[in-house]
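# Per-entry structural report
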Amino acid sequence: MVMEPIPDVNREAEFLALLSEIDRALRGGDTLGASALAFNALEFAPEHSGLLNLAAYKLIQNDELDQARILLERARHIAPNDANILNSLGNVLRLEGEILEARRAFDAAMELDHTNLQIVFNRARLLEDLSENEAARAGYNRVLIARPGDVDCLTRLFHLAISENNYAEAERLGDLAIQDQSLGSVAGRLCRIAIERADYVTARNYGERALAREQGAAAAIGLAQAEYLSGDTDLARKRLEDVFTGSGLEALDRAIAHGLLGDIEHRAENYESAYSHYAECKRLLAKLYSREFSAIGSESYVDAISRLRANFESMPPELWTSAPPSEEDFESPVKAHAFLVGFPRSGTTLLEQVLAGHPNIQTMDEVDALSDSLTGYLEDPDGLRRLAHTSNQSLAKMRSSYWRKCRAATPRLNGSYFVDKMPLNSALLPCIAKIFPSARIIFAIRDPRDVAFSCFRTRFTMTPAMYEFCSVEGAARLYDAVMSSFELYRSRLWLPVFEAQYSDLVGDLESAARRLCQFLGVAFESSMLAVADRAKSMRISTPSAGQVARGLYDGTGSWRPYRSYMTPILPVLAPWVERYGFSDDESHFP
């Protein structure tokens, strides 16, 4: 820390003693302790820029970003040419999502002190957030030249390689990073990636290395999953049972372990035990996330979907059934555009991988670019009515926002056919029609009962929508809400819809792919059929990744062993079972 002139105060000796303690703490590597002492020292010198910068560190660690920013803005006002203060401010701005402001702060810091490796690293981290991967990589490599083996740089380069689907490079960098005996997280991530690619031998290897370094529940659960998927069910079950007997098991790890035990029991056809574990997993997750997603007075995802549908239904049909406006003047980076929608666990990931195999089709996997462009409309009780009357200028801004998000997710977006895969965008069909009136819709369909039960048993990253899957009743309610909305919307809108049945895909993939290509207006390519190989080489963000990498899977009727638990929701799903052509005849099922 740069020492400024000691202020003339009555308690000068006490102040100097505090500065000495801060200096000792910093020399000993105790930055957090030094930051706490800096708060005390500010009582003597409230305008000491170095102390303000150091005090902000503790606030950042405590996620009190607003207060940290206040201190750092004061420090910058006092010392506008202090590179360390600008670096700290850049970090806070990045964490707050003020990306452009953060870049200005880091750029200014670099101009003042381009040899400061911490500034170089932090600026590279921001560039990574901006998807400027080459510039970020150059920054990390510059730090590595000066500090060979720097674990933080190796880890960030590892994540960059993953984002670019360069798994060979990710594995090389990961192996270098996990030579640090304390770094089990990278080994754990490599274990999960290998699982997604259905490479279970490699997954077990990394899982064992992660557990050797961390000795924690998360590492043990990751290894157990690799063991289970490689066929070593008994060892996986024993490892999970040991997890439960350990002390200090976090609620999230407990939930995941129950869910994995459910999968193990399902494979063993111990359905009663499997359901018990699935139910306990979801009970724990519901409790863990209740404050965030089910607070009293808050609107649930199902309620939001139903509100949008009611708003749409209350409007004169002619507002939405008139001829679509021309898109000739719309600025678009692609030649044609389709949305792949449906419902989670209905086959959208398999469809996306089929489409990704076409040389002239580019896909985007579950990036919520559409909702982000509709801020202020989806939350408004009369939002769809407002959207129906939105000016062309406002629509142009929405399209610009959408494509900006798409480019960030798919940096090499070009003039090819673009398919945006986001299953629950099926509930936002009027928004798609208004913003992209020439878009096509690919609608994935699978037996609603299989879908509902699969959503219940799957451990998703938690969001308002996924929170509904914490019970079979919630899964059925959301399915009914989304399908009710979709069918109403498609009856009034002009958008062409292709229904892609999951059973057709797994039954005769080539025929299904040819029909899909005909709908999109592109020639069939045999490369579309290499689904499993492609899934092993690409980063897929959904729980279906490992399943698709293993090859085509027909899970028809997987709900039936759990019929007694599904009985309360079958009437909710019955209209959709009939609507989408699924039989209720059980004579050919065991």
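The coordinates are above.
So, here's what we can say about the structure. Bear in mind the structure is a predicted one, so any value in this text is a computation, not a measurement.

Attention now moves to the side chain of Asn 116. Tracing the chain through its elements places Asn 116 in the loop between helix H6 (99–112) and helix H7 (117–129). A polar contact of 3.0 Å, which involves the side chain of Asn 116, links it to the backbone nitrogen of Gln 118.

This part covers helix H2 (residues 31–41). Within the sequence span of H2, burial applies to Ala 34, Ser 35, Leu 37, Ala 38 and Ala 41. Along H2, the residues classed as buried sweep out an arc of 165 degrees about the axis, all on the same side. Where H2 is buried, its residues contact helix H1 (12–27) and helix H3 (49–61).

The tally for this structure, following the rule as stated, stands at 35 salt bridges. When the shortest N-O distance is used, the salt bridge between Asp 232 and Arg 204 registers 3.4 Å. You can see Asp 232 sitting in the loop between helix H13 (217–229) and helix H14 (233–245) and its partner Arg 204 sitting in helix H12 (residues 200–214), a full 28 residues away along the chain. For Asp 232, a relative accessible area of 28% translates into the label partly exposed. Where Asp 382 meets Arg 385, a salt bridge forms, and the shortest distance between an N and an O atom there is 3.1 Å. Owing to a relative accessible area of 26%, Arg 385 belongs among the partly exposed residues under this scheme. The network of salt bridges with common partners includes Arg 94, Arg 125, Glu 128, Asp 129 and Arg 156.

Counting residues in hydrophobic clusters, the biggest one holds 85 residues, and the most contacted among them are Phe 343 and Tyr 402. The leading source of residues in this core is helix H27 (residues 472–492), at 11 residues. Sequence-distant contacts of Tyr 402, defined by excluding residues within four places in its chain, comprise His 337, Phe 339, Ala 369, Leu 370, Ser 373, Phe 418, Asp 420 and Phe 436.

Let us look at the pairing of strand E4 (residues 440–445). Look at any regular strand and the pattern is simple: side chains alternate between the two faces of the sheet. For E4, the buried fraction is high: 5 of the 6 residues fall into the buried class. With 4 bridges joining them, strand E1 (residues 336–341) and E4 adopt parallel strand pairing. Its bridge partner being in E4, Phe 339 is matched across the sheet by Ile 441. Relative to strand E5 (residues 497–501), E4 runs parallel, the two sharing 5 bridges. The residue bridging Ala 444 from the neighbouring strand is Ala 500, located in E5.

To continue, consider the sheet that holds strand E3 (residues 417–421). Read from one edge of the open sheet, 5 strands run E2-E3-E1-E4-E5, paired in parallel fashion. Across the chains shown, the open sheet's two edge strands, defined by having one partner strand only, are strand E2 (361–365) and E5. Averaged over all neighbouring strand pairs, the angle between strand axes comes to 20 degrees, with direction disregarded. Of the strands in this sheet, E1, E2, E3, E4 and E5 touch helix H29 (residues 509–520), which is tilted by about 155 degrees from E4.

This part is about the packing of aromatic side chains. Counted according to the given criterion, the structure contains 26 aromatic pairs. Three or more aromatic residues joined by ring pairs form one cluster here, namely Tyr 271, Tyr 275, Tyr 278, Phe 453, Phe 456, Tyr 562 and Tyr 565. Above the plane of the ring of Phe 519 lies Arg 440, whose end atom (NZ or CZ) is 5.1 Å from the centre. Directly above the ring of Tyr 502 sits Arg 446, whose terminal nitrogen or CZ lies 5.2 Å from the centroid.

Relative to the helices and strands, Arg 492 is located in helix H27. For the buried Arg 492, which has no salt bridge, the nearest side chain bearing the opposite charge is Glu 313, at an N-O separation of 5.1 Å. Not counting the four nearest positions on each side in its chain, Arg 492 is found in contact with Phe 312, Glu 313, Met 315, Pro 317, Trp 320 and Thr 321.

Analysis parameters
- Residues numbered from 1 in each chain as written.
- Predicted model: local features only at pLDDT ≥ 70, side-chain atom pairs only at ≥ 80, totals over all residues.
- Heavy atoms only, no water.
- Helix = DSSP H or I, 4+ residues; strand = E, 2+ residues; numbered from the N terminus.
- Polar contact = N/O pair within 3.5 Å; in protein donor to acceptor, adjacent residues only side chain to side chain.
- Buried < 20%, exposed > 50% of the residue type's maximum accessible area, 1.4 Å probe, protein only.
- Arc of directions from axis to C-beta.
- Contact = heavy atoms within 4.5 Å.
- Salt bridge = Lys/Arg side-chain N within 4 Å of Asp/Glu carboxyl O.
- Core = buried A, V, L, I, M, F, W, Y, C linked by side-chain atoms within 4.5 Å.
- Pairing = 2+ DSSP bridges.
- Axes fitted to C-alpha atoms, helices over the stretch in contact; angles between N-to-C directions.
- Phe/Tyr/Trp six-rings, centres within 6.5 Å; stacked < 30°, edge-to-face > 60°.
- Lys NZ or Arg CZ within 6 Å of the ring centre and 35° of its normal.
- Lys, Arg positive; Asp, Glu negative; His and termini not counted.

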